[in-house]
Amino acid sequence: DLRLSNDAFLEKLSEMAKCATTTGVVSVSFKRYNEGYNCFPSKKEQTVNIANNKCLIRAVCKKAKASTIVNAKDVASFNTRISAVLRGSITYLER
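Residues numbered from 1 in each chain as written. Predicted model: local features only at pLDDT ≥ 70, side-chain atom pairs only at ≥ 80, totals over all residues. Heavy atoms only, no water.

So, the sheet that holds strand β2 (residues 54–61)
Rules: Following DSSP output, two strands are said to pair if at least two bridges run between them. Going along the chain from the N terminus, every DSSP run of H or I of four or more residues is numbered as a helix, and every run of E of two or more is numbered as a strand. Axis angles are defined between N-to-C directions and span 0 to 180 degrees, where every axis is a line fitted to C-alpha atoms and, for a helix, only to the segment in contact. Contacts were defined at the residue level, with two residues in contact if any of their heavy atoms lie within 4.5 Å.
The sheet built from 3 strands is open, its strands ordered β1-β2-β3 with antiparallel pairing. Taken across any chain shown, the strands that pair with only one partner, and hence form the sheet edges, are β1 (26–33) and β3 (64–71). Pairs of neighbouring strands in the sheet enclose a mean axial angle of 20 degrees, with direction left out of account. Where helix α1 (residues 6–19) meets the sheet, it contacts β1, β2 and β3, and its direction lies at approximately 145 degrees from that of β3. Of the strands in this sheet, β1, β2 and β3 touch helix α2 (residues 75–89), which is tilted by about 150 degrees from β3.

As C-alpha cells, this is what we get:
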C-alpha cells in the first residue's frame, strides 16, 4: 500500500482512471482511521474524540494501489475533488 499526500493521491487516482478506461476497474474505498487506537472500541470505550477522526481513502486499479489520510474537517472538500477527478475521466458508462 502506497501512502501519499492528498494532492499526490489525486494525481495517482487520475492516472489510474485513465489506465482503466480501456480495460479495468478503479475501486475507491473510504474508512474511518484512528491512528494508534483500536478501530473497533468496546462499549466501555465509547468516548472517542470526533475532532481527531480521520478518513483513510484507498484506490486500487489492477495491481496499482494508493492511499491517503484526510482530516475530518477536510473530508467534504476532498470528496468533491475526488468526484471531479473521477467525473473528468469517465468516458463511457454501461447501463
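Having put the structure on the table, let's press on.
Regarding the nonpolar core
Cut-off, in case you're wondering: To form a nonpolar core, buried Ala, Val, Leu, Ile, Met, Phe, Trp, Tyr and Cys residues must be joined to one another through side-chain atoms within 4.5 Å. Burial classification: accessible surface area is computed with a 1.4 Å probe over protein chains only, and a residue below 20% of its type maximum counts as buried, one above 50% as exposed, and the rest as partly exposed.
Ranked by internal contacts, the top residues of the largest apolar core, which has 14 residues, are Phe9, Leu13, Ile57, Phe78 and Ile82. Setting aside its immediate chain neighbours within four residues, Leu13 contacts Val26, Val28, Ala59, Ile82, Val85 and Leu86.

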